[in-house]
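What the coordinates show
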Amino acid sequence: MPHAQDSAQLSVTVAAIGMTSALGPDAASAGAAARAGIVRAADLPGFTLIRKDDGEPEAGRGHAAHSATRGFEGYGRLLALARQAALDLAHDADRNAAELGRLGLYLAIGSTERFRAGLERVEVERVRSSLEEEIAAAEAGPGGEELAAAIERTLGWSFGGRKPVIFAGEHTAFAEACLRAARDIGAGQIDRAVVGVVDSLVDPLALRWLLATDRLKTGNAPTGLMPGEAGVLVLLEKPSATPPGDAERPLLRAVALDHDPVDRYAEAPPLGVGLARVLEALATTASDPAALGWVLVDQHGETFRGTDWGHAVIRLVSNHDELHDASVWPIAAEFGDTGAASAGVALCCAVRAFARGYAPRAAATIVSAADSGDRAALFLQTTGVASIPTN
């Protein structure tokens, strides 16, 4: 189901973060590596593609989190990412289980359903049928509930028997999970929330789908995406619950959701309508004139997404002067396209930038665009680091 228009002004602290990715098994080392411009894209074992123009073989490349996922595929790969992110979150939070109060778990995962998109364009019947069988097998296997249970065991925190809330989707699923968790905290239903996201586009099924639908960047194809994978978990809580020593932790101030009628597989060209609406709604909801001064985007190298972003900026720039000299960070340049995990990765990068004093602004906007047409944006703000410029 496409997103309905939705936005909310929020006030929850990002109290702790945990992440595993191609740049390292924890958020701190990955943030430092990304800051230094380190890229760890490499040949993917056992994955070879044939170039269309000359028929020559070429090793497929991607951003795999080998420290966590080497030797795993399917559910096992997602489980490895989730467990490592949970270990990092527990380390960063450094809380006793008794301190956490009523705790909820909100988990976003990459939807297997997305792999059905574009299959009608796969010309080779044998390839199409094989993918359909693999997708059906993946759908019948373990999923979000099992991952959530593993996260709870790894954290060792008590969730009081509360059932985890699962969001299966694409790039916007993490924003949906954050919005639901923040609203539940604000309504007093829980004291704190663990919001997570796990996804892999370097899993064999994802790679075969990307190859069959002609979406991978290759040596002789400059446009296209380079796949990645990541697991992210964050701890959200009311600002009043944050210990005095952690006052510099940023606030999640707003989330906005929307839908663009032109999806990735439409015949019509993208015009940036959905992105412009979601960013306008976010800026209005956040009530911050500099809301779009630092934007972390999930641009990944495909023409469709680049054109969509360009049109959105043109639509917005007349009302938002900050876009003229905005700092735009394409997170996929260092991490690859991490699918549903992309917004979570961006959030961790922003939090680390705030903590280390190299954030270009005191507020960050994270933008997500799904192939289905769904659009989302999150707004983070900090006041704890004096060295961050405000304009």
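Everything numeric in this text was worked out from a predicted model, so none of it was measured.

Basis of the calculations
- Residues numbered from 1 in each chain as written.
- Predicted model: local features only at pLDDT ≥ 70, side-chain atom pairs only at ≥ 80, totals over all residues.
- Heavy atoms only, no water.
- Axes fitted to C-alpha atoms, helices over the stretch in contact; angles between N-to-C directions.
- Helix = DSSP H or I, 4+ residues; strand = E, 2+ residues; numbered from the N terminus.
- Parallel < 35°, antiparallel > 145°, perpendicular 65-115°, else oblique.
- Left-handed = near helix turned anticlockwise from the far one by under 90°.
- Contact = heavy atoms within 4.5 Å.
- Nonpolar A, V, L, I, M, F, W, Y, C, P; charged D, E, K, R; others polar.
- Salt bridge = Lys/Arg side-chain N within 4 Å of Asp/Glu carboxyl O.
- Buried < 20%, exposed > 50% of the residue type's maximum accessible area, 1.4 Å probe, protein only.
- Arc of directions from axis to C-beta.
- Polar contact = N/O pair within 3.5 Å; in protein donor to acceptor, adjacent residues only side chain to side chain.
- pLDDT = per-residue confidence, 0-100.
- Pairing = 2+ DSSP bridges.

**Let's talk about the packing of helix α8 (residues 273-286) against helix α9 (residues 303-316)**
Where α8 contacts α9, the axes come no closer than 7 Å and their chain directions differ by 50°. Classed by the angle they form, the pair α8 and α9 counts as oblique. The handedness of the crossing between α8 and α9 is right-handed. Residues V273, L275, A276, L279 and E280 of α8 pack against D308, W309, A312, R315 and L316 of α9. Residue composition of the contact of α8 with α9, by class: seven nonpolar, no polar and three charged.

**Overview of the pattern of salt bridges**
Across all of its chains, the model carries 21 salt bridges by this definition. The partner of R77 in a salt bridge is E229, and the shortest N-O contact between them spans 2.6 Å. Of this pair, R77 sits in helix α3 (residues 75-93) while E229 sits in strand β7 (residues 229-237), placing them 152 residues apart in sequence. Here R77 matches E229 in class, with each residue buried. The salt bridge partner of R116 is E113, with a shortest N-O separation of 3.3 Å. You can call E113 partly exposed: its relative accessible area is 44%. When salt bridges with common partners are traced through the structure, they connect R215, R264, D298, E302, R305 and D371 into a single cluster.

**Quick notes on the packing of helix α4 (residues 125-140) against helix α7 (residues 204-212)**
Packing of α4 against α7 brings their axes to within 11 Å, and their N-to-C directions diverge by 150°. Taken together, the axes of α4 and α7 are roughly antiparallel relative to one another. Crossing handedness for the pair α4 and α7: left-handed. Here V127, L131, E134, I135 and A138 of α4 come into contact with α7, specifically with L205, R208, W209 and A212. For the contact of α4 with α7, the per-class residue count stands at seven nonpolar, no polar and two charged.

**A few points about helix α1 (residues 27-35)**
All of the buried residues along α1 are A27, A30, G31, A33 and A34. Projected down its long axis, α1 carries its buried residues within an arc of 165°, all on one side. Buried-residue contacts for α1 involve β1 (6-21), α3, α10 (332-335) and α11 (342-356). Regarding α1, its N-cap is D26, as a side-chain oxygen of that residue lies 3.2 Å from the backbone nitrogen of A28 further along.

**Quick word on unusual backbone geometry**
Not every positive phi belongs to a glycine, and D94 is a case in point at roughly 50°. Along the chain, D94 falls in the loop between α3 and β4 (103-110). We classify D94 as exposed; its relative accessible area is 64%. One non-glycine residue, D214, lies in the positive phi region at around 60°.

**Some remarks on the confidence of the model for the protein chain**
Per-chain confidence: the protein chain averages 91 in pLDDT, with 95% of residues scoring 70 or above. This model gives residues 385-391 a pLDDT under 50, and the stretch forms 14 contacts once residues within four places in sequence are excluded.

**Some words on the pairing of strand β8 (residues 251-259)**
With respect to burial, β8 is a largely interior element, eight of its nine residues being buried. Here β8 runs beside strand β12 (residues 374-381); their pairing, made up of eight bridges, is antiparallel. Considered in β12, the bridge of L251 is made with Q381.

**Overview of the side chain of Q381**
Here Q381 shows up in strand β12. Using a relative accessible area of 19% as the deciding quantity, one classes Q381 as buried. Only 2.2 Å separates the side chain of Q381 from the side chain of R253, close enough to count as a polar contact. Among residues more than four places away in sequence, those in contact with Q381 are P250, L251, R253, D288, A362 and A363.

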